[in-house]
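Remarks on the overall topology
In case you want the letters, here they are:
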Amino acid sequence: MNYQIDAPGSAIRTTVKLPASKSISNRALILNALSYSAYDVENLSDCDDTNLMVKALNSNDRDFNVGAAGTTMRFLTAFLSKVVGEWTITGTERMKNRPIKVLVDALNALGARIEYMEKEGYPPLRIFGSALQGGEISLPGNVSSQYISAILMIAPLTENGVTLHLEGAIISRPYIHITLQLMEQYGVRASWTENTIKVLPQEYKPIRFTVESDWSAASYWYEIMALSKNAEIELLGLFKNSLQGDAAGAKLFAQLGVGTTYTKRGVMLKHTGNICEKLVYNFVNEPDLAQTFVVTCVLLNIPFRFTGLQSLKIKETDRIEALKTELRKLGYVLTDRNDSILEWNGERREPESHPVIATYEDHRMALSFAPAALVRPEGIEIAHPQVVSKSYPHYWEDLKAAGFSIRESAL
Ligand SMILES: O=C(O)C1=C[C@@H](OP(=O)(O)O)[C@@H](O)[C@H](O)C1
Ligand SMILES: C=C(OP(=O)(O)O)C(=O)O
């Protein structure tokens, strides 16, 4: 099934209840389990990745399938390695090609026993859970921060605590901060100096915890605002002092003419008319925002140079290739370099007469391309639109409520 999406017939005036952050939801679920909390996490995300975590933590099975959920795969691997028993964990075909060696090596060095069931370095895994010794180890910080978050959350429950020396550049750093801040809210302190994070043996304390709205999901509404001539959009449940690194999207969108006013219940977006001539930015701290800004910039005809994109190659799909291929269909020629830089200097070619945007089982492809309907008189057709459920299940309903027309079309 495809969706044909067309722009609203009149000005957009909408208030959106965003999904809750899946990053925070999945951490809170692990910390709730580790603190033996009797409270439910409030305002938990209803997205696939969080539902998969809930299902795994509440099941009596020994074999887990976490689908396409990266955080669920990585966090559960660490969690299960200290739960006595024998477990297996697998996921989608793509998940079986997303590397996990750095995490497995690190956990094994801390006393775990984890084996590969198929390909060395990749899921599925067999985990022989037991009490963990902990200790002092080095691991690369430049592949995925999720490995680091996964280890940190179980670190206080090891016999000797854990000291992590992070080698190389540290990518997705704000996600490590989210982990440490949530651990602190659950009563555990860690120290982070330069490239070393140290967690002593400690106990978690159960707390009542409410998840904030998802700043990554908010970015698609900022994109809609940037591409609209006349719109007023209110996004509920977002705060200036967010735990999420993707809150940085608000400042960056200011360069694309979108102003943010913080209110008691969220943010109001307004047009400012101040638009940069070229956008240059390093996305190493906010990799999930890259697709939003790439698509917004080309559609606004703003050349860009985006660096720090190295982790995009191992996400739900190779996002650098996916962006290049799909934007080419719309007539934009992007170039990439060193697997980490994506640029557009304004080069165009003849667009396809009836492009269909492929989504590669990547929610962010559908989420970031749908707003293109606002600048294309013929609208935009998106393949496999159901992929959005990975992080934002009610996206299409929210777009309809804002006035977009969304019709099913056959493949
Ligand atoms: O810890 C997290 O919640 C996440 C960390 C990031 O991954 P990497 O650390 O692999 O870049 C991000 O892309 C992902 O969507 C969520
Ligand atoms: C990369 C993402 O998720 P994950 O790595 O958790 O699958 C994402 O949501 O963009």
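Given the structure is predicted, the values throughout are model-derived calculations rather than measurements.

What counts, and where the lines are drawn
Residues numbered from 1 in each chain as written. Chains lettered and ligands numbered in written order. Predicted model: local features only at pLDDT ≥ 70, side-chain atom pairs only at ≥ 80, totals over all residues. Heavy atoms only, no water. Phe/Tyr/Trp six-rings, centres within 6.5 Å; stacked < 30°, edge-to-face > 60°. Helix = DSSP H or I, 4+ residues; strand = E, 2+ residues; numbered from the N terminus. Buried < 20%, exposed > 50% of the residue type's maximum accessible area, 1.4 Å probe, protein only. UniProt positions renumbered as here; feature names shortened; annotations may be inferred. 1 Å grid on protein atoms, 1.4 Å probe; cavity = no way out; pocket = protein on both sides within 12 Å on 5 of 7 lines; lining within 4 Å. Contact = heavy atoms within 4.5 Å. Near = heavy atom within 4 Å. Polar contact = N/O pair within 3.5 Å; in protein donor to acceptor, adjacent residues only side chain to side chain. Areas by Shrake-Rupley, 256 points an atom, 1.4 Å probe, with all protein chains shown as cover. Sits in = over half its atoms within 2 Å of the grid points. Nonpolar A, V, L, I, M, F, W, Y, C, P; charged D, E, K, R; others polar. Domains from an automatic or database assignment. Buried area = accessible area lost by both parts, 1.4 Å probe. Salt bridge = Lys/Arg side-chain N within 4 Å of Asp/Glu carboxyl O.

What to know about the packing of aromatic side chains
Here the structure, examined in full by the defined rule, presents 14 aromatic pairs. For the pair tyrosine 332 and tryptophan 344, a centre-to-centre distance of 5.5 Å together with 80° between the ring planes defines the contact as edge-to-face. Separated by 12 residues along the polypeptide, tyrosine 332 in the loop between helix 10 (319–329) and strand 16 (335–337) and tryptophan 344 in strand 17 (residues 341–344) bring together distant segments of the chain. Classification of tyrosine 332 by relative accessible area gives buried; the value is 9%.

A few points about the UniProt feature "binding site: phosphoenolpyruvate" (unreviewed entry) in the protein chain
Look at the UniProt record and you will see "binding site: phosphoenolpyruvate" (unreviewed entry) annotated at Lys22, Gly70, Arg98, Gln146, Arg319, Arg364 and Lys390. Lining of the largest cavity among the annotated residues: Lys22, Gly70, Arg98, Gln146, Arg319, Arg364 and Lys390. Structurally, glycine 70 can be placed in helix 3 (residues 70–80). A relative accessible area of 3% means that glycine 70 is categorised as buried. Apart from the residues lying within four places of it in its own chain, the contact partners of glycine 70 are Asp49, Met95, Arg98, Gln146 and Lys390. Considering the arrangement of structural elements, one finds arginine 98 in the loop between strand 4 (85–90) and helix 4 (101–109). Excluding its chain neighbours within four sequence positions, the residues that come into contact with arginine 98 are Ala68, Gly70, Arg74, Tyr122, Pro123, Ile314, Lys315 and Glu316.

Regarding the site of ligand 1
The environment of ligand 1 is formed by 13 residues, the closest being Ser23, Ser144, Ser145, Ser172 and Asp288. One nitrogen or oxygen atom from the side chain of serine 144 is found 2.6 Å from an oxygen atom belonging to ligand 1. One of the side-chain nitrogen or oxygen atoms of serine 172 is found 2.6 Å away from an oxygen atom of ligand 1. Protein chains shield 96% of the accessible area of ligand 1, which is 390 Å² for the free molecule. In a pocket analysis with a 2 Å cut-off to the grid points, ligand 1 is assigned to the largest cavity. For the shell around ligand 1, the secondary-structure elements that each account for two or more residues are helix 1 (22–34) and helix 5 (145–154). At three residues, helix 1 tops the list of elements feeding residues into the shell around ligand 1. Taken together, the residues that form the shell around ligand 1 break down as two nonpolar, seven polar and four charged. When we break the shell around ligand 1 down by domain, the ones giving at least three residues each are domain 1 (1–18 + 211–407) and domain 2 (21–208).

Looking at the site of ligand 2
Of all residues adjacent to ligand 2, which total 14 residues, the nearest are Lys22, Gly70, Arg98, Arg364 and Lys390. Contacts to ligand 2 include glycine 70, whose backbone N or O atom sits 2.8 Å from an oxygen atom. At a separation of 3.3 Å, an oxygen atom of ligand 2 approaches a polar side-chain atom of aspartate 288. Computed on the free molecule, ligand 2 has an accessible area of 300 Å², of which 98% lies beneath the protein chains in the complex. Comparing atom positions with the cavity grids shows ligand 2 to sit within the largest cavity. Secondary-structure elements contributing two or more residues to the shell around ligand 2 are helix 3 and helix 11 (363–369).

As for the domain arrangement of the protein chain
Domains assigned within the protein chain are domain 1 (1–18 + 211–407) and domain 2 (21–208). Using C-alpha coordinates to define each centre, domain 1 is positioned 29 Å away from domain 2. Counting residues at the interface gives 29 residues for domain 1 and 28 residues for domain 2. Of the roughly 2,300 Å² buried at the junction of domain 1 and domain 2 (both faces included), carbon and sulfur atoms supply 53%. Among the residues of domain 1 in contact with domain 2, Val211, Leu243 and Lys390 are the three that bury the most area, contributing 34% of the side total. Across the contact surface, domain 1 and domain 2 share one salt bridge.

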